[in-house]
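Chain residues, written in single-letter form:
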Amino acid sequence: MEKLAPLHHFHPPLQNSLTRKPIKPPPSKIFLDSLSPDGPNVTTSLTSVKMMHTQMIKLPQMWNPDAAAKNLISRYLEFGDFQSAAMVFYVGLPRNYLIWHSFVEEFKSSAGSLHIVLEVFKELHGKGVVFDSEVYSVVLKFCTREMDLWLGMEIHGCLIKRGFDLDVYIRSALMNFYGRCWVLEKAHQVFHEMPNPESLLWNQAIILNLQSEELQTGVELFRKMQLSFLKAETATIVKVLQACGKMGAINAIKQIHGYVFRFGLESDLSVCNPLISMYFKNGKHELARRVFDSMDNRNISSYNSMISGYAALGFLNDAWNLFYELKSYDLKPDIVTWNCLLSGHFLRGYKEEVLNILRRIQAEGFKPNQISMTSILQAISELGFLKLGKEAHGYVLKNGFDYDVYVGTSLVDMYVKNHSLTSAYAVFDSMKNKNIFAWNSMVSGYCFNGMFEDALKLLNQMENEGIKPDLVTRTGLISGYAMRGYGKEAMTILQGTKSLGLTPNVVSWTALISGCSQAGNGIDSLKFFVQMHQEGVTPNSATIACLLQACAGLSLLQKGKEIHCFSIRSGLIEDVFAATALIDMYSKSGSLKNAHNVFRKIQNKTLASWNCMIMGFAIFGLGKEAISVFDEMQKAGVSPDAITFTALLSACKNSGLINEGWKYFDSMITDYGINQQLEHYCCMVDLLCRAGYLDEAWDLIHSMPLKPDATIWGALLVSCRIHKNLEFAESAAKNLFKLEPNNSANYILMMNLYSISNRWQDVDRLRDLMSTAGVKNRHGWSWIQINQRVHVFSSDGKPHPDSGEIYFEMYKLVSEIKKLGYVPDIDGVYQNMDEAEKEKILLSHTEKLAITYGLIKMKTGEPVRVIKNTRICSDCHTAAKYISLVKTRDLLIRDGVRFHHFREGKCSCNDIW
């Protein structure tokens, strides 16, 4: 086949204007029209295309070779003659990479294979057709795409023979070929064989290493390139920045920053925007801001990089300031800007603010996209707003986002966390492209809800469909079993993971520790942590947070302090989530001062940090201090959520701050747009009842838009016992017996009330009712930790080994405090017996035994800390105040409701509990 000759322009003779005749189009025009998709359909078959091709070869001067070659290729591809199309490609197209790239795309869209193109090349090459270096360069790219190692190596040999191997473009193509089809070392060899390599080859070498995840080598090559005084391409700089970000190589990022200044790239947005992102990724927000401020020109991507970085690091005020700044210029926020704010607020725990931002997005005329919906669904999931989640699901379907695997997975997760497993499975089953995350979410959902058989069935289905369960799948099983109280079974699954060729990592162990902690098995959490450490698995900040949660649940102050020290040595205390868990642990373990110290040291406080500190003051009855922290939080620009108000109202409740309680309760909707939930109403009912406003509490219960639950009626019943109001108490008890038929505490409270009123027949009636219903009395216990050992005192367990010494000391102690005015409160004993016997029963209360033992065994002046599972009775509360006075000791008792700090005859609760 001859190569198409260049076009010799055809100039027809001018016609006399008087004898003008219609001009007949030249043959080339007819031919080109026949080949054009919009022209006359002359080439109706492959044969006609070949005939026209023959005419082109015979009369090359009649045709425009470039246009004719392109159209010939299109017609050959149309009729499926891929080999002829490839022939024309090699001998007919001009030496233009863009045109060749267009051919490849057209070839592939016609279902052609590049393998055919390579076979045609081999055929032509075998027949002695001589190609130039540009053709070889393109063929090498084809070999790279098709991973044709042997042909590429043959071409390399041919290039050496013809002396083309020193051509910089050929050398670049060879490096790319070897780097992708063989080994990176061979590409390095090609690079180093070139004397004084030019910028193109340096850029190619760097990119190849970075694409092969040889990040350190790639960055080192970039450094050497700079020492050779060669300029890197923009794309290379961006790739190197990304590599430095992955490695956390902040010094290297700074050097690239300097490079940007040296070469005057401050106005190059394609470099500066990634530089900002990499600084933020490594937590250097000040340097990111410096780059941003130095930029001569900024586009919306520049602002988005800044807003995204600030939001991710929790500097939400700075993010919003930039948001309003860009609006003051000629720039307008786009959906990416809004998505940055959505994800940032969700990551920092401001879930309700995510929904507020959603309303603003819609008000601004934007439609949330797939990325927006992922953050929105995650926030809805955490908030437990199932109804809103269903509305979001409808929006996803309406806009066709259900095809997006991340949106689908978020929907599954939302339904799972809202315990709507039927809907979760329906979404899961409808997903066309299920990724491993969707499978894992569904398996975890079944496990978390105790549906282990369904989880195992899904696991089998997963394997049958060719999807291999990964470590996350196993971790979901571990977490589910542990959360349901099956710690041993969870441990068995973890150990069995090794037999599947998977190695349990820190996430697996943390799931086990967290699950046990959430199930109330804190001791198991601590044991498993020791085993984790023995197996050489290094804990992370999440592990520390879970361990501290376990310590908080058990009020293990000493163990919590040990974990605090461990986290400092390990450098994990800088993590805000670990620090927040530390605040919670110290607060619930009776060391409010330490909790406050940790809180003050957190530089970038999250909403959870503020909430924890407010709740810490609340459980100690320090309402004014809690309000002060709330005011400080608002000044810091942090918006409260429903949990914030639960903590704030609890503080008001435990401090008797009625006016403040009403103020914050009413402000929830009016000032913050937060609807009151049952827990908020419970706080208000409890606050009113404790203050003696039982009628107002009764009215609030019957006017609230939500159906009262057991916590509401329980708060009323407890206060009725304090204020001896039988009428309201009987109404509350009637509801409680329906809502909590097996809760013995409600029966005991009513029996106490009846015994105070000498209504012994009603006491017996309730006792018989408990027996008939099979309700067992919940036994009380208290414990105290002395020298790393926990001593438990139970109302039904074995007596303590030192019980003789304890009772002897207690009789002496009671005798001492009686001299100061202590009078036993026998009203709390509902048994029908004489007063002397009732006093003896009061002496056996577990908190008194624990306090006495602490006074015997602990060092003089050391605070005595006692943990109790039920609410402290009025007699023990009074006795503890006198004991703190006579022994000059601080007593800290954590009962089932709050902390009581006794000092010098007074309690932190101010007798409001």
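Below, the discussion takes up the overall build of the protein. Assigned secondary structure in the protein consists of 48 helices and six strands. Buried positions account for 50% of the 913 residues belonging to the protein. In the protein, 64% of the contacts between residues at least 6 apart in sequence involve partners at least 24 apart.

Across a sheet, paired strands are connected by hydrogen bonds in the backbone, their directions being either parallel or antiparallel. Spatially, six strands are ordered β2-β1-β3-β4-β5-β6 in an open sheet, and the strand pairing comes out mixed. The open sheet has two edge strands with one neighbour each: β2 (789-794) and β6 (906-907). As judged from the six bridges shared by strand β1 (residues 781-786) and β2, these two strands associate in the antiparallel manner. By the bridge assignment, Ile784 is partnered in β2 with His791. Strands β4 (891-894), β5 (899-903) and β6 of the sheet are contacted by helix α48 (residues 874-886), whose axis makes an angle of about 35° with β5.

This part covers the environment of Leu221. The topology assignment puts Leu221 in helix α12 (residues 215-227). For Leu221, a relative accessible area of 9% gives the class buried. Considered as a pair, Leu221 and Asn209 are twelve residues apart in the sequence and their alpha carbons are 9.0 Å apart. Those residues within four positions of Leu221 in sequence are excluded, and the remaining contacts are Phe191, Trp202, Ala205, Ile206 and Asn209.

Turning next to helix α29 (residues 506-518). Compared with the 18 Å implied by 1.5 Å per residue over 13 residues, the 18 Å span of α29 between its first and last C-alpha is a close match. The buried fraction of α29 amounts to eleven of the 13 residues, a majority that puts the element mostly inside the structure. Within α29 the residues assigned to the buried category are Val506, Ser508, Trp509, Thr510, Ala511, Leu512, Ile513, Ser514, Gly515, Cys516 and Ser517. Near the N-terminus of α29, the side chain that reaches the backbone nitrogen of Val507, with its oxygen 3.1 Å away, is that of Asn505. Phi turns positive one or two residues past the end of α29, at Gly520, with a value near 85°.

Core analysis: the largest hydrophobic core is formed by 246 residues, its most contacted members being Tyr136, Ile155, Ile237, Leu512 and Met750. Listed in part, the 28 residues of the second largest apolar core include Ile806, Met810, Val866 and Ile893.

Tallied over the entire structure, the rule returns one cavity of 30 Å³ or more. Size it by volume and the largest cavity reaches roughly 40 Å³. Within the residue set of the lining of the largest cavity, elements represented by two or more residues are α45 (803-819), α47 (846-857) and α48. Residue contributions to the lining of the largest cavity peak at four residues, all from α45.

Before going further, it helps to examine the pattern of salt bridges. Evaluation of the coordinates by the stated rule reveals 26 salt bridges. For Glu325, the salt bridge identified is with Arg298, shortest N-O distance 3.8 Å. One end of the pair, Glu325, is in helix α18 (residues 316-328); the other, Arg298, is in the loop between α16 (285-294) and α17 (300-313), and 27 residues separate them in sequence. Its salt-bridge partner being Glu816, residue Lys887 comes within 3.9 Å of it at the nearest N-O pair. Of this pair, Lys887 sits in the loop between α48 and β4 while Glu816 sits in helix α45; the two residues are 71 residues apart in sequence, bridging distant segments of the chain. What you see here is one network of salt bridges that share partners, running through Arg289, Asp293, Arg298 and Glu325.

Cut-offs and rules
- Residues numbered from 1 in each chain as written.
- Predicted model: local features only at pLDDT ≥ 70, side-chain atom pairs only at ≥ 80, totals over all residues.
- Heavy atoms only, no water.
- Helix = DSSP H or I, 4+ residues; strand = E, 2+ residues; numbered from the N terminus.
- Buried < 20%, exposed > 50% of the residue type's maximum accessible area, 1.4 Å probe, protein only.
- Contact = heavy atoms within 4.5 Å.
- Pairing = 2+ DSSP bridges.
- Axes fitted to C-alpha atoms, helices over the stretch in contact; angles between N-to-C directions.
- Expected span 1.5 Å × (residues − 1).
- Polar contact = N/O pair within 3.5 Å; in protein donor to acceptor, adjacent residues only side chain to side chain.
- Core = buried A, V, L, I, M, F, W, Y, C linked by side-chain atoms within 4.5 Å.
- 1 Å grid on protein atoms, 1.4 Å probe; cavity = no way out; pocket = protein on both sides within 12 Å on 5 of 7 lines; lining within 4 Å.
- Points joined across faces, edges and corners; volume = space filled by probe spheres on them.
- Salt bridge = Lys/Arg side-chain N within 4 Å of Asp/Glu carboxyl O.

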